Amino acid sequence: MKYIYITLCCIIQSNLLCAQQKNSIVNEDLFTLEKTSLSTENTEFGAFLTNNNVVYFTRANSNLTANNKNESDLNIYQGVLSDKRTIIDVRILNEINTKWHDGPTTITSDGKSMYFSSESFNVNKGFKKEKTFGEIKKRGEIYLFRASRINNKWTKKTPLPFNNIEYSIRNPSISSDGKTLYFSSNMPGGFGGEDLWKVNVNQNSYGEPKNLGSTINSINDESFPFITNNNVLYFSSNRTSELGGPEGLGGLDVYMINLNKNQEIINLGTPINSEKDDFYFSLNENKKIGFLSSNREGSDNIYLITPNCHLIANIRVINKETGLFINNAELNILNEKKIIKKGLTRSKLKCRKSYNILVSKKGYESTKYNIEANNEGGEMDIIIEMHPNKNPIITKKEVVLQPIYFEYNKARITEQGGFELNKLVTVMYDNPNMKIFVKSHTDNVGNKLYNKKLSNHRAKNTVEYLISKGIAKERITGKGFGESELKINCENCTDIQNSKNRRSEFIIMN
């Protein structure tokens, strides 16, 4: 990267705490990426897509010769994203480019203003004189410039007023309302070599640059900010861990933070990040297309990014009566067939699917929560309320427990099921003459004969579990009834209806 200008928010413990654990690495394939036709053996980086399908990017000049001092080796280009996801009509922006390094750039949402990086040599006295090995040389920095689009042409290039010959300001990204400009700089007041900053924009006037703080910036380098319409900030960093090694996967990694929430930063993980330098991540949330720059295959190339349709469920569990968070609850997420997630309070789920969340905790009634993942994906904050544990209801005919859940097509007693059955053990110890007949039922999905066999297995395992807890075998028997005694008689039943039909009953026989 020689052309880069740098020397379920939740109390429950889990592997990923809604980005509340510092320096989390996402273990979710949130994006797919493919190499674009823009990529060559030379350098291309800094691509982003506007709402009218124009792609701007920066490319090295492959025809640069030592004798041609009027040619820059970095220029700003534009192209058009076609319906086939290829970039066509690529052309160099001669009206913007200078004989110095130019790019990357950012465009306001109305398409009328462009901010771009270029060298300080473009302005009067935009250099310092330094003596090196007895020779006086001019040294410049990287500045930010603004241009206006008039009559379909970029013009009126002006330097921003907070440029300074003592440090570089570069890699701009403008917010969707055009009022906040993000950039990277090694200006004084930062935390490391290169920090992320922002400045307020009011038409043609600018406020004082503000550092984005220690949550985002480290003692190393943070650069290439990109702010989305929804105020999610993506950037790259080579931050290191407390042990001195790379905090991420290696080189520059892409991180994100939702500026609307009180979060820590999240490393995007693979496939976005690699052992090489991965940088200038951009995302058009309206069109669900973005770009990534990376040198994972040698030179800096541009990759097209497509967000995978996922629902990220951020799960919190609270006490229904007090509203307080419940620590270390047992959490299982089921699809229509099996448990797919255990213990994760921030979980990636596929779109257009139904899921059930089973939550159990000693001292509380087990709870079931249904999720319908929408077509758009995104994030969903889920609050699950648990009632403090109450004793089983004992009627003249049966002992009523909370539902005993089984995984789809399985008969093994789950942890949640064992917790409920232990209540029955206590009842039978307190009532030594009580005898119980276990009736196990299935839903009406699948073959009737198979369901009868499955329910027999579940009844048998339930009986064996109670015997293992010290209940005499003469006091506990059971039988499977398959789908012959449905609680809800339905065709094309919903997941909720099926779950009510899959049940166990505990009949008092004396």
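Rules used throughout
Counting restarts for each chain, with residues numbered from 1 along the sequence as it is written. Totals for whole chains, interfaces and linings use all residues, but because this is a predicted model, local features are given only for residues with pLDDT of at least 70 and pairs of side-chain atoms are given and counted only at 80 or more. Heavy atoms throughout the structure, all of them, feed into the side-chain values; hydrogens and water do not. Nine residue types can take part in a nonpolar core, namely buried Ala, Val, Leu, Ile, Met, Phe, Trp, Tyr and Cys, and a core is a set of them joined through side-chain atoms within 4.5 Å. Under the scheme applied here, a residue whose accessible area is under 20% of the maximum for its type counts as buried, over 50% as exposed, and between as partly exposed, the area being computed with a 1.4 Å probe on protein chains only. Secondary structure counts use DSSP, requiring at least four H or I residues in a row for a helix and at least two E residues in a row for a strand, with both numbered from the N terminus. Whether two residues are in contact is decided by their heavy atoms: any pair within 4.5 Å suffices. Pairs of N or O atoms within 3.5 Å make up the polar contacts considered here, provided that, within protein, one atom can donate a hydrogen while the other can accept it, and that residues adjacent in sequence are counted only when both atoms are side-chain atoms. Any two strands with at least two DSSP bridges between them are considered paired. Angles run from 0 to 180 degrees between N-to-C directions of axes, and those axes are lines fitted to C-alpha atoms, restricted for helices to the stretch in contact.

**Student:** Go over the nonpolar core, please, and point to the residues and values.
**Tutor:** Within the largest apolar cluster, 22 residues are counted, with the highest numbers of intra-cluster contacts made by Y56, L93, I96, M114, F116 and W154. Listed by contribution, the elements that provide at least two residues to this core are β3 (44-49), β4 (54-60), β5 (74-81), β8 (113-119), β11 (142-150), β18 (222-227) and β22 (278-284). Not counting residues up to four positions away in its chain, the partners in contact with F116 are I76, I96, D102, P104, T105, Y143, L144, F145, R146, A147, K157 and P172. Ranked by size, the runner-up nonpolar core spans 20 residues in total, among them L401, V425, I476 and F506.

**Student:** Hey, could you go over the side chain of D253 for me, with residue numbers and the actual values?
**Tutor:** Relative to the elements of secondary structure, D253 occurs in strand β20 (residues 253-258). Polar contacts involving the side chain of D253 include one to the main-chain amide nitrogen of L249, which spans 2.6 Å. Setting aside residues up to four positions removed in sequence, D253 forms contacts with F235, S236, S237, G248, N267, N273, S274 and D278.

**Student:** Could you give an account of the environment of L304, naming the residues involved and the relevant values?
**Tutor:** As for its position among the elements, L304 is in strand β24 (residues 301-307). The spacing of L304 and K35 is 269 residues in sequence and 6.2 Å in space, taken between C-alpha atoms. Beyond its immediate sequence surroundings of up to four residues, L304 is in contact with T32, L33, E34, T36, L81, R85, I289, G290 and F291.

**Student:** Pulling in residues and values, what's your account of the sheet that holds strand β12 (residues 153-159)?
**Tutor:** Strand pairing in a sheet takes place through backbone hydrogen bonds and is either antiparallel or parallel in direction. With respect to topology, four strands assemble into an open sheet ordered β7-β8-β11-β12, the strand pairing being antiparallel. Whereas interior strands pair on both sides, the edge strands pair on one side only; in this sheet they are β7 (102-107) and β12. Direction aside, the axes of adjacent strands within the sheet are offset by 30° on average. In the sheet, β11 pairs with β12 via five bridges, with the strands oriented antiparallel. Residue F145 lies in a different strand from β12, and its bridge partner there is P159.

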